[in-house]
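If you want the building blocks of each chain, they are given just below.
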Amino acid sequence: MSNVPSDLKYAKSHEWLRLSGDTATVGITDHAQHELTDVVFVELPEVGRHVKAGEACAVVESVKTASDIYSPISGEITEVNKAVVDNPALVNTAPDGAGWFYKIKPANAAELASLLSPEDYLKQIGG
Amino acid sequence: MLKRTVLHAEHLKLGGKLIEFGGWEMPVQYTSITDEHLAVRQSAGVFDISHMGEVTVSGVGAEGFLNRILTNDIRKLAPGEGQYTLMCNESGGVIDDLYAYKLSQGVYLLVINASRIEVDMAWLEAQAAGGGGRLDVLNSSHNYAALAVQGPRVREFLDRCLSGPSNCAARVGCVTDLKKNQIGGFPFDHGDVLVSRTGYTGEDGFEIIGRDETILKVWERVLVEGQPFGLKPCGLGARDTLRTEVCYPLYGHELNENTTPLEAGVGFFVSLDKGEFNGRLVLAGQKAAGVTRKCVAFKMTGKSAPPRPHYPIWADGAHVGEVVSGTQSPCLNLGIGMGYVPVQFAKPDTEIEIEIRGKRFAAAVVPKPIYRK
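Every value quoted in this text rests on a predicted model; they were computed, and no experiment measured them.

Our next topic: the nonpolar core. All names here are of chain B. Membership of the largest hydrophobic core comes to 62 residues, with the highest contact counts inside it found for F47, L109, I352 and I354. Ranked by residue count, the leading element in this core is strand β16 (residues 293-300), at five residues. Among residues more than four places away in sequence, those in contact with I354 are F298, M300, P307, Y311, P312, I313, V323, K359, R360, F361 and A363. In this structure, L158, L178, F188 and I208 belong to the second largest nonpolar core, which totals 28 residues.

Right, let's get into the side chain of E36 of chain B. All names here are of chain B. Tracing the backbone shows E36 in helix α2 (residues 33-42). There is no salt bridge for the buried E36, and the closest opposite charge comes from K232, which lies 7.9 Å off by N-O distance. A polar atom in the side chain of E36 sits 2.7 Å from the backbone nitrogen of Y30. Those residues in contact with E36 that lie beyond four places of it in its chain are V28, Q29, Y30, T31, K232, P233, C234, G235 and A238.

Residue P165 of chain B follows G164 of chain B across a cis peptide bond; omega there is -5°. Within the element layout of this structure, P165 of chain B appears in the loop between α5 (158-161) and β11 (168-169). A cis amide bond links K368 of chain B to the next residue, P369 of chain B, at an omega of -5°. Inspection of the secondary structure puts P369 of chain B in the segment after β21 (359-366). With a phi angle near 45°, D38 of chain A is a residue other than glycine that sits in the positive phi range. By secondary structure assignment, the location of D38 of chain A is in the loop between α1 (30-36) and β4 (39-43).

Burial runs high along helix α7 (residues 236-245) of chain B: nine of the ten residues are buried. Just downstream of α7 of chain B, C247 of chain B is the residue with a positive phi angle, here 65°.

Residue and element names in this part refer to chain B. Each domain of chain B was delimited in the assignment, giving domain 1 (3-50 + 144-244), domain 2 (53-139) and domain 3 (292-373). Between the C-alpha centres of domain 1 and domain 2 the distance comes to 24 Å. Of the residues lining the interface, 14 residues belong to domain 1; the matching set on domain 2 comes to eleven residues. Together, the buried faces of domain 1 and domain 2 total about 1100 Å²; carbon and sulfur atoms form 63% of this surface. For domain 1, the biggest contributors to the area lost against domain 2 are Y144, N181 and I183; these three give 38% of the whole. Summed over the shared surface of domain 1 and domain 2, the number is zero salt bridges. Counting every contact that joins domain 1 to domain 2 gives five residue pairs in polar contact (both at pLDDT 80 or more). Going through the elements one at a time, β13 (193-196) and β14 (205-210) are the ones with two or more residues in the side of domain 1 that touches domain 2. Tallied by class, the residues present in the side of domain 1 that touches domain 2 amount to eight nonpolar, five polar and one charged.

The rules we used
- Residues numbered from 1 in each chain as written.
- Chains lettered and ligands numbered in written order.
- Predicted model: local features only at pLDDT ≥ 70, side-chain atom pairs only at ≥ 80, totals over all residues.
- Heavy atoms only, no water.
- Core = buried A, V, L, I, M, F, W, Y, C linked by side-chain atoms within 4.5 Å.
- Buried < 20%, exposed > 50% of the residue type's maximum accessible area, 1.4 Å probe, protein only.
- Helix = DSSP H or I, 4+ residues; strand = E, 2+ residues; numbered from the N terminus.
- Contact = heavy atoms within 4.5 Å.
- Lys, Arg positive; Asp, Glu negative; His and termini not counted.
- Salt bridge = Lys/Arg side-chain N within 4 Å of Asp/Glu carboxyl O.
- Polar contact = N/O pair within 3.5 Å; in protein donor to acceptor, adjacent residues only side chain to side chain.
- Domains from an automatic or database assignment.
- Buried area = accessible area lost by both parts, 1.4 Å probe.
- Nonpolar A, V, L, I, M, F, W, Y, C, P; charged D, E, K, R; others polar.

Pasting the structure below:
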């Protein structure tokens with residue numbers, strides 16, 4: 001059973017977003033890490049890059065395959081998590097904590113409103 | 001509609017994640033590819049390999065026929081023995097790689113790749129045409145399910161699953177008396193099974209072929225008896241990482257109809273001096289002149305994403321080849337793979353680069369196998 005914390009917003013493509021002041025933190029969901037299993041490599045965007053909502057901006061690799069990670073919202077990347085690059089297993093052990101991917105300064109507040117609630121995401125993954 | 005093996009419900013019950021492979025719905029993993037991989041290296045694992053094809057070739061003409069269509073020398077087999085071999089076209093390209101077993105005088109079992117059953121059968125039938133009553137080639141794939149039980153501790157419990165003595169092919173007192181590449185028929189509660197001491201993991205192990213309902217019972221028994229020894233059910237994901245670490249070729253990756261066994265590095269299984277066989281002229285010429293490209297094994301030498309099939313290989317600043325298999329090695333904890341390069345870059349320690357998403361990362365050609373105990 002996947003953990004879907006109630007203080008996060010979700011994208012259909014299995015990323016979560018936590019808004020704090022004027023920046024948001026992004027990572028992949030517990031459900032996504034369960035599906036991937038054995039994360040062995042994480043590639044993150046450059047700080048300062050401007051990404052669009054739905055744009056592939058990170059890659060997570062399991063033993064079996066490489067999967068694109070899509071930004072839930074548009075904005076500028078302000079920080080990336082070096083710890084998860086050094087220790088990709090954090091994605092498996094703490095997907096919505098120490099395994100976060102990047103921080104982003106939202107460009108468009110309306111996009112935040114269109115993200116899924118925990119209830120809706122839970123419905124999507126059949127929870 | 002994907003085909004399902006007799007163990008389909010078992011896979012679901014065990015939490016297996018199912019994928020398409022060669023027209024079959026098969027488990028890629030149950031818990032984690034890494035855990036399943038390490039279970040096989042350290043203790044034991046059981047794989048459903050019911051998707052593999054089985055062909056029986058029999059008759060007084062069988063030996064001559066097989067020696068003409070396969071690269072290895074089938075005459076070396078005594079009853080109860082098997083060999084790895086390849087089936088080539090006239091250009092020396094590989095139609096399939098397979099195991100050929102001699103069950104008794106004039107009776108052979110070929111175990112072929114799931115994805116190649118139709119192509120192989122068409123080829124075998126065309127090649128057998130005119131053989132008359134001296135030769136019978138029968139696709140028995142739909143009659144059989146199969147398991148691979150692999151790992152260093154398998155020998156400690158497999159005799160509790162299947163009891164001897166064997167009743168056909170290799171005559172031994174019990175299953176673990178089989179020597180590498182031997183095959184024997186063993187009685188089981190619900191019908192006989194064929195057991196060979198073979199596998200695709202680089203570990204000691206056995207492959208068990210039988211009727212659907214029999215294999216379902218053997219699977220259940222292996223799970224129970226193997227459990228105290230750390231046995232895990234394993235999916236195709238671990239099967240692939242295990243075979244990649246020991247550099248066993250996989251059809252469609254290292255092998256295809258435009259690649260010869262010599263280029264693929266499996267020339268050991270080509271018997272050029274056994275007499276005429278399909279592809280011999282081309283292969284003998286290649287052997288004499290030397291191949292121009294070769295399948296090499298490599299390791300990533302710095303931090304990078306794992307290499308994957310089709311990634312470009314660079315050497316001396318030029319794009320020189322392509323990765324055919326690649327993964328993160330669970331035993332070595334680094335990126336490993338195999339790929340084709342011009343022969344001047346095929347020597348171990350040659351520095352190459354693997355292009356991953358537009359960037360190049362350092363790698364080195366290494367001797368096969370990549371992983372050795």
